[in-house]
Amino acid sequence: MEVEINNIDLYYEDQGTGKPIVLIHGFPFDHHLWDRQVEILADHHRVITPDLRGFGQSDAPEGPYTMTQYAADIIALLDLLQIDRAIIAGLSMGGYISLAIAEQYPERLDGLVLSNTRTAKDTAAIRQNRYNTVEKIKFEGTEFLVLDMLGKVLSKDTRKHNPAVLEFVEQIMRRQRAAGIIGAQQGMAQRKDRSFILNDLQIPVLVIAGRDDKLISPMEAKRIAKELPLGHLEIIPKAGHLSNLEQPDTYNERFMRFVESTEVVEH
Ligand code: MLT
């Protein structure tokens, strides 16, 4: 489905009924990143999977797409769907956005799932690398980025035993437009450190990491979980940066268990 919010057409899918859960994809993907979760979660809950601005079937206006802008897009979508509160789950860049939502709109959250992500802002070197990537894309397109990321996002185990996942990930990345990739890179480069919000988060938070994540170390997840008053940590074996796709059964089981634990018991 498509809706107009914040001056763009935003595409999203809305499946199942029950407790609302919003799944926010990482970079450079689209809502299909969550296909293996929707299959299971939507049998029990209402699952909303947007294509972030710049990705999938959503418009790709000029960037930068700041995490604040992305957060405002998600909240505008919830407003339109008349959803007051939801569980928000984000992977990697989706996690950066989830943290921005938790900072700015804490009253909209029933729970938070932070997968393969970090709270820190970019180091100077990473920021410079993003700007170099943007310049390179302008000259030669996105192919080099797809190949570079393809070499890094999956664990050794997945690459060896699950070529279908590699192919699926490659297809999603190849579909993304240069304008969207540039806007997101510029936005991530500008993001601030959001570590400071963790101590005060009075909602349940599930922190998930892939034990073999080469892009964002599981150490980051450990650090995040330690700071949270209501945090729970899960480190998934044989998973890299895309833990939800690499080990979907384990990921789904942990996710479902978390959602059930957030259910308000009525007397
Ligand atoms: C992602 O998977 O969303 C990206 O690796 C995040 C990033 O570039 O920092």
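Criteria and thresholds
Residues numbered from 1 in each chain as written. Predicted model: local features only at pLDDT ≥ 70, side-chain atom pairs only at ≥ 80, totals over all residues. Heavy atoms only, no water. Salt bridge = Lys/Arg side-chain N within 4 Å of Asp/Glu carboxyl O. Helix = DSSP H or I, 4+ residues; strand = E, 2+ residues; numbered from the N terminus. Buried < 20%, exposed > 50% of the residue type's maximum accessible area, 1.4 Å probe, protein only. Axes fitted to C-alpha atoms, helices over the stretch in contact; angles between N-to-C directions. Parallel < 35°, antiparallel > 145°, perpendicular 65-115°, else oblique. Left-handed = near helix turned anticlockwise from the far one by under 90°. Contact = heavy atoms within 4.5 Å. Nonpolar A, V, L, I, M, F, W, Y, C, P; charged D, E, K, R; others polar. Polar contact = N/O pair within 3.5 Å; in protein donor to acceptor, adjacent residues only side chain to side chain.

Caption draft 1: Molecular detail of the pattern of salt bridges. Throughout the structure, instances matching the rule amount to 18 salt bridges. With a shortest N-O distance of 2.7 Å, Glu 103 and Lys 192 are connected by a salt bridge. Residue Glu 103 is found in helix α3 (residues 93-104), and its partner Lys 192 is found in the loop between α8 (178-190) and β7 (205-210); the two are separated by 89 residues along the sequence. By relative accessible area, Lys 192 is classed as partly exposed at 37%.

Caption draft 2: The arrangement of the packing of helix α5 (residues 143-150) against helix α7 (residues 163-175) in detail. Look at α5 against α7: their axes get within 10 Å of each other, and the N-to-C directions meet at 155°. In terms of orientation, α5 lies roughly antiparallel with respect to α7. Handedness of the crossing formed by α5 with α7: right-handed. Only Leu 166, Val 169, Glu 170, Met 173 and Arg 174 of α7 make contact with α5, whose side of the interface consists of Glu 143, Val 146, Leu 147, Met 149 and Leu 150. Here the residues of the contact of α5 with α7 sort into 7 nonpolar, no polar and 3 charged.

Caption draft 3: Up close: the side chain of His 241. In this fold, His 241 is placed in the loop between β8 (231-236) and α10 (243-246). Residue classification places His 241 among the buried residues on the basis of a relative accessible area of 4%. A distance of 2.8 Å separates polar atoms of two side chains, one belonging to His 241 and the other to Asp 213. Once residues lying within four places of it in the same chain are set aside, the contact partners of His 241 are Leu 91, Ser 92, Asn 116, Val 153, Asp 213, Leu 215, Ile 216 and Glu 246.

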